[in-house]
Amino acid sequence: MSESRLVYSTESGRIKHTESKPEPQAKLFKDGVVRIERQTKGRKGKGVMLVVGIDPAEHDMKKLAKTLKSKMGQGGALKDNVIEIQGDDRNKLKALLEAQGFKVKIAGG
């Protein structure tokens, strides 16, 4: 009975199973450097910058994403511990991250 997806029972009322969702693993690099990648795949040719390599245990990802988006003046999102920022101004983004205290590399073409 532990495998069943029982939602309601007349014996004990509504039953809620708490299934823990595993937190997505962040892509971290051994050298501790944050990388800025450019990606257009699956976005109909529109480019986004991906900030990869930030440890979510040490930094507040939502707050950092919001700060970067507002200072860049562009939209974006936080998906699977990767910050996505619209557009292609990687040098400005690199300067902002270095001001926050990160070591940054521009990756890709």
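Residues numbered from 1 in each chain as written. Predicted model: local features only at pLDDT ≥ 70, side-chain atom pairs only at ≥ 80, totals over all residues. Heavy atoms only, no water.

What follows covers the overall build of the chain. Summing up its helical and strand segments, the chain has 2 helices and 7 strands in all. Traced from its N-terminal end to its C-terminal end, the chain shows the element sequence β-β-β-β-α-β-β-α-β. Relative to its 109 residues, the chain shows a buried fraction of 28%. In the chain, once contacts between residues fewer than 6 apart in sequence are set aside, the share between residues at least 24 apart is 49%. A total of about 8000 Å² of accessible surface is found on the chain, and carbon and sulfur atoms cover 47% of it. (Helix = DSSP H or I, 4+ residues; strand = E, 2+ residues; numbered from the N terminus. Buried < 20%, exposed > 50% of the residue type's maximum accessible area, 1.4 Å probe, protein only. Contact = heavy atoms within 4.5 Å. Areas by Shrake-Rupley, 256 points an atom, 1.4 Å probe, with all protein chains shown as cover.)

Along its 12 residues, helix α1 (residues 61–72) runs 16 Å from first to last C-alpha, staying within 8% of the 16 Å computed at 1.5 Å per residue. Those residues of α1 not exposed but buried are M61, L64, A65, L68 and M72. Viewed along the axis of α1, the buried residues span an arc of 100 degrees, placing them on a single side of the element. Turned more than 90 degrees away from the buried face of α1 sit K62, K63, K66 and S70, all of them exposed. The secondary structure elements touched by the buried residues of α1 are β4 (48–52), β5 (76–79), β6 (82–86) and α2 (90–99). Downstream of α1 by a residue or two, G73 has a phi angle that is positive, lying close to 75 degrees. (Expected span 1.5 Å × (residues − 1). Arc of directions from axis to C-beta.)

Glancing now at the layout of surface pockets. What the largest pocket holds in volume is close to 170 Å³. Surrounding the largest pocket, 13 residues form its lining, G32, V34, G53, D55 and F102 being those nearest its centre. Here the lining of the largest pocket is built from residues that sort into 6 nonpolar, 4 polar and 3 charged. (1 Å grid on protein atoms, 1.4 Å probe; cavity = no way out; pocket = protein on both sides within 12 Å on 5 of 7 lines; lining within 4 Å. Points joined across faces, edges and corners; volume = space filled by probe spheres on them. Nonpolar A, V, L, I, M, F, W, Y, C, P; charged D, E, K, R; others polar.)

We now examine α2. Those residues of α2 lying buried are R90, L93, L96 and L97. For α2, the angular spread of buried residues about the axis comes to 120 degrees, placing them on one side. For α2, exposure combined with an orientation more than 90 degrees from the buried face picks out N91 and A99. For α2, the elements touching its buried residues are β3 (34–39), β4, α1, β6 and β7 (104–106). At the C-terminal side of α2, G101 shows a positive phi close to 105 degrees.

Following both chains from N to C, one finds α1 and α2 inclined at 135 degrees, their axes separated by 11 Å at the closest point. Classed by the angle they form, the pair α1 and α2 counts as oblique. Where α1 crosses over α2, the handedness of that crossing is right-handed. Residue-level inspection shows L68, K71 and M72 of α1 in contact with α2, the latter providing K92, L93, L96 and L97. Looking at side-chain class alone, the contact of α1 with α2 contains 5 nonpolar, no polar and 2 charged residues. (Axes fitted to C-alpha atoms, helices over the stretch in contact; angles between N-to-C directions. Parallel < 35°, antiparallel > 145°, perpendicular 65-115°, else oblique. Left-handed = near helix turned anticlockwise from the far one by under 90°.)

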